[in-house]
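Okay, here's what each chain looks like letter by letter:
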Amino acid sequence: MKINHNITAQIANVNLKKDERRVSASLEKLSSGYKITKAADDSAGLAISNKMRTQIRALNQASRNSEDGQSIVQTADGALNEVAAILQRIRELAVQNANDTYTVDDRASSQNEIDQLLDEIDRISSTTEFNGKGLLDGSSSRTVTSNIDGIQALKASTEVPAGEYTFSVNTAPQPAVAEDVEYTIPGILYLNNTTIEFEEGDTDEMAESKILDVCSKMDIDAEFAGNSVTFTTKAEGANQQILIRHSSGEPNEIFMGLDVEVELGDGFSENAKVSTNGSHITIKDNGGFEMLVEIPSENPEGSTEGQEVTLKVYDAGYMGMQIGGNENQMLNMNFDEISCSTLSLRDANGQRLVNVCSSHGAANAIASLDSAIERVSAARSELGAYENRLEDTVSSLDVASYNMTNSMSRIMDTDMADEMTQYTQLTVLTQAATSMLSQANNKPQEIMNLLQGI
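Residues numbered from 1 in each chain as written. Predicted model: local features only at pLDDT ≥ 70, side-chain atom pairs only at ≥ 80, totals over all residues. Heavy atoms only, no water.

## Thoughts on the sheet that holds strand β10 (residues 228–233)
Where we set the bar: Strand pairing is defined by DSSP finding a minimum of two bridges between the two strands. A run of H or I in DSSP becomes a helix once it reaches four residues, and a run of E becomes a strand once it reaches two; helices and strands are each numbered from the N terminus. Angles run from 0 to 180 degrees between N-to-C directions of axes, and those axes are lines fitted to C-alpha atoms, restricted for helices to the stretch in contact.
Strand order in the open sheet formed by three strands is β6-β10-β9, and the pairing between neighbours is antiparallel. Both outer strands of the open sheet, β6 (177–182) and β9 (220–225), are each paired with one neighbouring strand and no more. The average angle at which neighbouring strand axes cross in this sheet is 20 degrees, direction not considered. Pairing of β6 with β10, which is carried by four bridges, proceeds in the antiparallel orientation. Across the sheet, residue Glu182 finds its bridge partner in β10, namely Ser228.

Structure below.
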């Protein structure tokens, strides 16, 4: 029996401290809900769970990004729905005015409505945005540059590989021109099936005023020289026509404009095909390759005829959506510019290409509007594909986040039932250790009893 060192009490105290630490750790797990509260609990598990937590948060944010992308696509699609409705109304007016029961003044009333509707299309194009970012004004479409001022690519589909594309302008677009058309006072001048009547007593100024009034409605410039006039359409292209019918019985004369003509060079395949419409050319090839280029008759360098054009297409300009939790997991959405220019309803100078003030102009307008409606429908179809893909992306990301959260939970989260069982056991052990420590501390008292002879 010893009094300097109470080994039994020390052993009980050591075990009590162990039990208290284990009780404290169990309480920490029960109160926090986490099985790993510090690196010492499970260093490997902590490292793995931190990686998982990072990935889970990234997946959740990518899911929110994808939902934002859906909202962007829906915004653009809503705007294009209105553009399609406007085009349908313009086409209805074109069909109405292709009927020769209407006078030029009647058709001018319809043309006023069409002009307002065209302005609305451009307004929708320039003002449709999401969080300050334009969607239909070309700012979110592929970047294409040209080496010639004034010649620009209005569209390059996503299937066009990045690189340089060259072509030469063989013929610049030209307006329809009817030179030196004579008229008499009194007399009748037939212009595009519209009768301009000059009465006895009309002065030259009055006659010119009547001609200018009709020409202004038909988008035709008139230049007078004595009793003759030269007519020139304001717009360019083979769709532009001036029909002169003579009352003297001479054959009718039809003067047509010219579409731009180009010859493709480097970058285009042998299968590439070119279609022209005034100053616009459309180049199509296999696999969805499509480019829309505007080539005016003149630019700062003079006539565009004979010029060599190089277009450089970049893999840039898209609206990129981060739809994954890691680097380069992007969806590039290409929002084509949808305006009167890209729909071939106005040229680069803002001159309208839809004029229903003559039956020929109304007939051409129907064909142009069919093409514009088809282009808008194609753009909406592409947006629909984006939206469907984003919807699937959101579902996929949510499932991945759920499964990874479940895996991290098995590593990090406390099994409350199991931990409570251990806590109860540790509490009993602590109480027992405390009791044994009390008993061990009573042993020196037995020595005192021995020394006192009791």
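## Re the layout of surface pockets
The test is simple: Only protein atoms enter the 1 Å grid used here. Points where a 1.4 Å probe fits but cannot escape make up a cavity, open sets with protein on both sides within 12 Å along at least five of seven lines make up a pocket, and a residue lines them when an atom lies within 4 Å of a point. Grid points are joined across faces, edges and corners, and a volume is the space filled by probe spheres set on the points. Side-chain classes are defined by residue name, with Ala, Val, Leu, Ile, Met, Phe, Trp, Tyr, Cys and Pro counting as nonpolar, Asp, Glu, Lys and Arg as charged, and the others, Gly among them, as polar.
In this model, the largest pocket occupies a volume close to 630 Å³. Forming the walls of the largest pocket are 29 residues, and the residues nearest its centre are Lys155, Thr282, Lys284, Glu290 and Arg375. Secondary-structure elements contributing two or more residues to the lining of the largest pocket are β14 (273–277), β15 (280–284), β16 (290–294) and α5 (359–412). Among the elements that line the lining of the largest pocket, the one with the most residues is α5, at nine residues. By residue class, the composition of the lining of the largest pocket is five nonpolar, 15 polar and nine charged.

## Brief notes about the pairing of β15
For clarity, the threshold we go by: With a 1.4 Å probe rolled over the protein chains alone, any residue whose accessible area is under 20% of its type maximum counts as buried; one over 50% counts as exposed, and the rest are partly exposed.
With four of five residues buried, β15 is to be regarded as a mostly interior element. Taking the residues that link successive antiparallel strands as the turn, the β14-β15 hairpin has two residues, and the phi of Gly278 there is positive, at about 65 degrees. Looking at chain direction, β15 and β16 are connected through five bridges and run antiparallel. Each residue of the ladder has a partner; that of Ile283, found in β16, is Met291.

## Looking at the nonpolar core
Our working rule: By nonpolar core is meant a set of buried Ala, Val, Leu, Ile, Met, Phe, Trp, Tyr and Cys residues that side-chain atoms within 4.5 Å join together. Residues count as neighbours in contact if any of their non-hydrogen atoms are within 4.5 Å of one another.
Core analysis: the largest hydrophobic core is formed by 42 residues, its most contacted members being Leu87, Ile90, Ile121, Leu343 and Leu345. The set of elements that each furnish at least two residues to this core consists of α2 (43–97), α3 (104–127), β20 (319–322), β21 (330–333) and α5. Looking at this core element by element, the count peaks at 12 residues for α2. When near neighbours in sequence (up to four residues on either side) are disregarded, Ile121 contacts Val83, Ile86, Leu87, Ile90, Ile338, Ser339, Cys340, Leu343 and Leu345. Residues Ala272, Val293, Leu311 and Val313 belong to the second largest nonpolar core, which totals 22 residues.

## Points about unusual backbone geometry
For the bond from Ile185 to Pro186, the omega torsion is -5 degrees, close enough to zero to count as cis. Locating Pro186 in the fold gives a position in the loop between β6 and β7 (187–191). If you check the backbone angles, Asn192 has positive phi at about 50 degrees while not being a glycine. Within the secondary structure layout, Asn192 lies in the loop between β7 and β8 (194–198). We note that Asp219 has phi near 60 degrees; this positive angle belongs to a residue other than glycine. Looking at the secondary structure, you find Asp219 in the loop between α4 (204–218) and β9.

## Describing the packing of helix α1 (residues 7–32) against helix α6 (residues 416–441)
The cut-off we apply is this: When describing relative orientation, an angle under 35 degrees is termed roughly parallel and one over 145 degrees roughly antiparallel, while 65 to 115 degrees is termed roughly perpendicular and anything else oblique. We call a crossing left-handed when the near helix sits turned anticlockwise from the far one by less than a right angle, and right-handed when that turn is clockwise.
Where α1 meets α6, the closest approach of the two axes is 8 Å, and the angle between their N-to-C directions is 155 degrees. It follows from the interaxial angle that α1 and α6 lie roughly antiparallel. Like other packed secondary-structure pairs, α1 and α6 cross with a definite hand, here left-handed. The residue inventory of the contact of α1 with α6, partitioned by class, reads 15 nonpolar, seven polar and five charged.

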